[in-house]
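Each chain, letter by letter, is given below.
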Amino acid sequence: MKSQRRQQGVAMLTALLIVALAVIVVTSIFVQQRYSIRLSNNLQDLEQTYQYAYAAEKMAGVWLAADIKETKDGAYDSLKDNWAQKIDPKPIDDDNGQPIGELQVKIDDLQAYFNVNNLYDVKTKKPSPSMMKVFQQILVSIDLSPTNFANAIVDWVDPDDQLTNSNSAESDYYLLQEKPYKASNALILDTKELYLIKLDDVSDNEQRKTLLAELMPLITALPTTTSINVNTAPANVLTAIGLTDPQLQAIVQKRNDTPIKSVEALQQLVQGLTKEQKNLLGVSSNYFRLSGEVRLRKSRLFLNSVLFRSAEGKVHVIMRQFNRVSPPPEIEPEAS
């Protein structure tokens, strides 16, 4: 009798153990299934955010192309153009019309800033004297010693390993750093590359970043030689390249009223420009940045696309990154 009860007890414990194991297995499968479904939904949402980002690029391209037609010959670009206006956030709805996200973008003129690749003339394969002089002026304006930095940038860009200045740097200098690397020997793709370039005798990376912090809002890096568009350039950029207060105010007052439509009109408006400033300043642009973000449910994607617009109005994406873009400095100063 005792043996039979013992067998029954063992059978019951075995059954309970099997049931417990079955519950654990089923629960595990259920949790894994929920995780898989959630992961699948998240990946699907992320893929959709990419599609909205690509659509935003197409939309920006349409606006920029239309601007060529609106200005007839496309001879000038200004902050009064449609592409430069504030773009209201675009809601994203599901199939039932319920809001599930938002697209928010803006277009900035990259030719509102000094292009550091202007320092190297790819045709002559030598430093550009006029652009070097302007860049030296920019460095002086932010109290950064200009002694050797411009030459170091040229040596970073040019394809050879010959120093343009005895205090400049090529790959042999960078290979001796704590974390060795070589000079790019190509045009600068991102202004953050300047943090890697020799800055006189400053070897500490954090100190280099601190010294270059004031330079970054004044510059850009574009793949061809470009002018600075006086219709869109911030006041600190125009001041940094050596424009006097009267020259700056003349430009600001004019563009606040109506865009400066030609280089000839600019030179008639602003007297006393140096030869270097005349070579650098323009009224039109070819390079623009589309920035912003796409939010879709729990997915979030930042946009950072560089657009090139040809003289014929064709727009191409020449760089695409998905990172947050720092807001540009204020465009308009107060006109006295």
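Residues numbered from 1 in each chain as written. Predicted model: local features only at pLDDT ≥ 70, side-chain atom pairs only at ≥ 80, totals over all residues. Heavy atoms only, no water.

A few words now on the side chain of Asp 67. On the secondary structure map, Asp 67 appears in helix α1 (residues 2-70). Classification of Asp 67 as buried rests on a relative accessible area of 2%. When sequence neighbours within four positions are dropped, the list of residues in contact with Asp 67 reads Tyr 76, Asp 77, Asp 81, Trp 83 and Arg 309. (Helix = DSSP H or I, 4+ residues; strand = E, 2+ residues; numbered from the N terminus. Buried < 20%, exposed > 50% of the residue type's maximum accessible area, 1.4 Å probe, protein only. Contact = heavy atoms within 4.5 Å.)

Turning to the pattern of salt bridges, a few remarks are in order. This structure, assessed with the given rule, holds 7 salt bridges. One salt bridge in this structure joins Arg 320 and Glu 57, with 2.8 Å as the shortest N-O distance. Highlighted residues: Arg 320 in strand β11 (residues 315-321) and Glu 57 in helix α1, separated in sequence by 263 residues. Arg 309 serves as the salt-bridge partner of Asp 77, at 2.8 Å between the closest nitrogen and oxygen. Placement of the pair is Asp 77 in the loop between α1 and β1 (90-93) and Arg 309 in strand β10 (residues 299-309), with a sequence separation of 232 residues. Taking relative accessible area as the criterion, Arg 309 reaches 2% and is therefore assigned buried. Taken together, the shared-partner salt bridges connect Asp 67, Asp 77 and Arg 309 into one network. (Salt bridge = Lys/Arg side-chain N within 4 Å of Asp/Glu carboxyl O.)

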